[in-house]
Structure formats: C-alpha cells, structure tokens
Amino acid sequence: MDLKLPITIIDELSEDEVRSQGELDLASGEIRNVRYDDPDSAAQGVPATRKDYEFTVGILRNGAREVEFRIEVDALGGRYSVTPTELLELKGRAAKLFSQPPSKLH
C-alpha cells in the first residue's frame, strides 16, 4: 500500500518552534518532502542540530480534528521518521480520525 499523508512538523526549541510541512509514508514511517514554513529556518538547516532543540512532533489533520504524534530526527542525516511502535499506534488513531466526517470550526 502506497499511502502518504500530509502532516505538519513542529520542532520545539527552548523558546521557539520551527514549523514545516511534509509527507508521512504510512508503510515505512519515513517523512519526506519536508518544507520549512519560514525560509530563514530552512537556511539554518535541521533544527535538531541547534543547541536549544528539545523534541519534534507531527500533526495529522482532518478538518478541525487532529492527531499529534512523536517524530524521531536523524540530525546528521537530516531525516525525519516515525518509529515502528509509534507508527502502529498512529495508524489506529488515523483510521478513527478519517472515519469521521471532518468537523468544522464554529
């Protein structure tokens, strides 16, 4: 199955955050096509290499509903991924998220 879902990536820093967009491959857990929202962030490289880096999360959305999950970062290789355990849990949560009609903000 070749299922790639658009996600938001948030790299948490001590006093800031770096947001980007990417595609999560639900078969492998790899995250590809990462595009930083701020061009200055892209020029600085992978946020995980910064001294004030703390952790990275991903957000999968369906309308106003969302699911947050942990992302692993290979700082040297500049790659993002989801562990097999996290991916298994995320698949179940994503199935519930997408089996419901998108909610709308009021």
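The following paragraphs examine the structure supplied in this document. Since the structure is predicted, the reported quantities are computational estimates derived from the model, not experimental observations.

Remarks on the overall build of the protein
Secondary structure assignment for the protein yields 2 helices and 7 strands. The C-alpha radius of gyration computed for the protein amounts to 14 Å, which stays within 12% of the reference 13 Å derived for 106 residues, consistent with globular compactness. The dimensions of the protein, computed from C-alpha atoms along their principal axes, are 40 × 35 × 20 Å. Considering the protein as a whole, with its 106 residues, one finds that 35% of them fall into the buried category. Contacts spanning at least 24 positions in sequence make up 51% of the contacts within the protein whose residues lie at least 6 apart. As displayed, the protein has an accessible area near 6,700 Å², and 51% of this comes from carbon and sulfur atoms. Within the protein, the 20 negative side-chain charges are centred at a point lying 7 Å from the centre of the 14 positive side-chain charges.

As for the environment of R32
For R32, the location among the structural elements is in strand β3 (residues 30-36). Linking R32 and Q21, residues 11 residues apart in sequence, is a C-alpha distance of 9.3 Å. Polar contacts involving the side chain of R32 include one to the side chain of E30, which spans 3.0 Å.

Considerations on the pattern of salt bridges
Enumeration according to the criterion identifies 7 salt bridges in this entry. Taking the shortest distance from any N to any O, the salt bridge between R19 and E17 comes out at 2.8 Å. Residue classification places E17 among the partly exposed residues on the basis of a relative accessible area of 33%. A salt bridge links E66 to R61; its shortest N-O distance comes to 3.2 Å. With relative accessibility at 46%, the residue E66 sits in the partly exposed group. Judged by relative accessible area, R61 falls into the partly exposed class, the value being 38%. By sharing partners, the salt bridges in this structure join D25, E30 and R32 into a single network.

Digging into the sheet that holds strand β4 (residues 53-62)
The strand order across the open sheet built from 7 strands is β5-β4-β1-β2-β3-β7-β6, with neighbouring strands paired in antiparallel fashion. For this open sheet the edge positions go to β5 (65-70) and β6 (72-74), each flanked by a neighbour on one side alone. Ignoring which end each strand starts from, the neighbouring axes of this sheet average 35° apart. As defined by bridge partners, β6 adjoins strand β7 (residues 79-81) across 3 bridges and the pair is classed as antiparallel. Residue pairing for β7: E72 is matched across the bridge by S81. Running over the sheet, helix α2 (residues 84-99) touches β1 (4-13), β2 (17-25), β4 and β5 and is turned about 180° from β5.

Calculation rules
Residues numbered from 1 in each chain as written. Predicted model: local features only at pLDDT ≥ 70, side-chain atom pairs only at ≥ 80, totals over all residues. Heavy atoms only, no water. Helix = DSSP H or I, 4+ residues; strand = E, 2+ residues; numbered from the N terminus. Rg over C-alpha atoms; globule rule 2.2 N^0.38 Å. Buried < 20%, exposed > 50% of the residue type's maximum accessible area, 1.4 Å probe, protein only. Contact = heavy atoms within 4.5 Å. Areas by Shrake-Rupley, 256 points an atom, 1.4 Å probe, with all protein chains shown as cover. Lys, Arg positive; Asp, Glu negative; His and termini not counted. Charge placed at Lys NZ, Arg CZ, Asp CG, Glu CD. Polar contact = N/O pair within 3.5 Å; in protein donor to acceptor, adjacent residues only side chain to side chain. Salt bridge = Lys/Arg side-chain N within 4 Å of Asp/Glu carboxyl O. Pairing = 2+ DSSP bridges. Axes fitted to C-alpha atoms, helices over the stretch in contact; angles between N-to-C directions.

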